[in-house]
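Structural features, examined
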Amino acid sequence: WAFATAGIDAPELFEAIATSAVPRLGEFNSQHFANTAWAFATAGVKAPMLFEAIAIEASHRLGEFNSQALANTAWAFATAGVEAPMLFEA
């Protein structure tokens, strides 16, 4: 989140985060999903496997999302250009 906000280019860091995050998404809460997707979208980092995994996991847990987390997640997917029908049709 901080690197994306500051506009710092750190592709290796984002790649490592994406790789580490995917198997741990079951531990995430709605804010973690939203913040992670937001950071990647804001930084302009393509991480299709991460976004796909977030869409799958989050689609089963949308009842846990407050309005801010829903809005931020939707914004991140749209900004990143990631289609996630399973998430948006859930």
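Residues numbered from 1 in each chain as written. Predicted model: local features only at pLDDT ≥ 70, side-chain atom pairs only at ≥ 80, totals over all residues. Heavy atoms only, no water.

**Looking at the environment of Asn66**
We count it as follows: Helix and strand assignments come from DSSP, with helices taken as H or I runs of at least 4 residues and strands as E runs of at least 2, each series counted from the N terminus. Distance and chemistry together define a polar contact, namely a pair of N or O atoms within 3.5 Å, with one atom able to donate a hydrogen and the other to accept it when in protein, and with adjacent residues in sequence counting only for side-chain atoms on both sides.
Residue position: Asn66 is located in the loop between α4 (48–59) and α5 (67–80). Only 3.1 Å separates the side chain of Asn66 from the backbone nitrogen of Gln68, close enough to count as a polar contact. A polar atom in the side chain of Asn66 sits 2.8 Å from the backbone nitrogen of Ala69.

**Thoughts on the pattern of salt bridges**
The following threshold applies: Salt bridge, as used here, is a side-chain nitrogen of Lys or Arg placed within 4 Å of a carboxyl oxygen of Asp or Glu. Partly exposed describes any residue whose relative accessible area lies between the buried limit of under 20% and the exposed limit of over 50%, with all areas from a 1.4 Å probe on protein chains only and scaled to the type maximum.
On inspection of all chains with the given rule, the structure shows three salt bridges. Put simply, Glu27 and Arg24 hold a salt bridge, and the shortest N to O gap is 3.0 Å. When its relative accessible area of 54% is taken as the criterion, Glu27 is described as exposed. Residue Arg61 is joined to Glu57 by a salt bridge in which the shortest nitrogen-to-oxygen separation is 3.2 Å. Looking at Arg61, the relative accessible area reads 15%, which means it is buried. Taken together, the shared-partner salt bridges in this structure form one network comprising Glu57, Arg61 and Glu64.

**Examining the packing of aromatic side chains**
Here is the rule: A pair of Phe, Tyr and Trp rings is counted when the ring centres sit within 6.5 Å of each other, with Trp represented by its six-membered ring. The angle between the planes then sorts it: under 30 degrees is stacked, over 60 is edge-to-face, the rest tilted.
Under the definition given, this model contains five aromatic pairs. A ring pair is formed by Phe28 and Phe33, whose centres lie 5.8 Å apart and whose planes are at 45°; its orientation type is tilted. Owing to a relative accessible area of 15%, Phe28 belongs among the buried residues under this scheme. Taken together, a centroid distance of 5.0 Å and an interplanar angle of 90° make the contact between Phe51 and Phe77 edge-to-face. Placement of the pair is Phe51 in helix α4 and Phe77 in helix α5, with a sequence separation of 26 residues. We note that Phe51, like Phe77, is buried.

**Observations regarding the packing of helix α3 (residues 30–43) against α5**
What counts is decided by this rule: Geometry is summarised by axes, namely lines fitted to C-alpha atoms with helices restricted to the contacting stretch, and by angles between N-to-C directions that run from 0 to 180 degrees. Every angle not falling under 35 degrees, over 145, or within 65 to 115 is termed oblique; those three ranges are roughly parallel, roughly antiparallel and roughly perpendicular. Left-handed describes a crossing whose near helix is turned anticlockwise from the far helix through less than a right angle; right-handed describes the clockwise counterpart. What makes two residues a contact is simply this: any of their non-hydrogen atoms within 4.5 Å. Charged residues are taken to be Asp, Glu, Lys and Arg, nonpolar residues to be Ala, Val, Leu, Ile, Met, Phe, Trp, Tyr, Cys and Pro, and polar residues to be all remaining types, Gly included.
Interhelical geometry of α3 versus α5 gives an angle of 30° and a closest axis separation of 8 Å. When the interaxial angle is binned, α3 and α5 end up roughly parallel. For the pair α3 and α5, the sense of crossing is left-handed. Two secondary-structure elements touch here, α3 through Ser30, Phe33, Ala34, Ala37, Trp38, Ala41 and Thr42 and α5 through Ala69, Asn72, Thr73, Trp75, Ala76, Phe77, Thr79 and Ala80. Of the residues in the contact of α3 with α5, the class split is 10 nonpolar, five polar and no charged.

**Quick word on the side chain of Ser59**
With respect to the helices and strands, the residue Ser59 is situated in helix α4. A distance of 2.8 Å separates the side chain of Ser59 from the backbone oxygen of Ile56, its partner in a polar contact.

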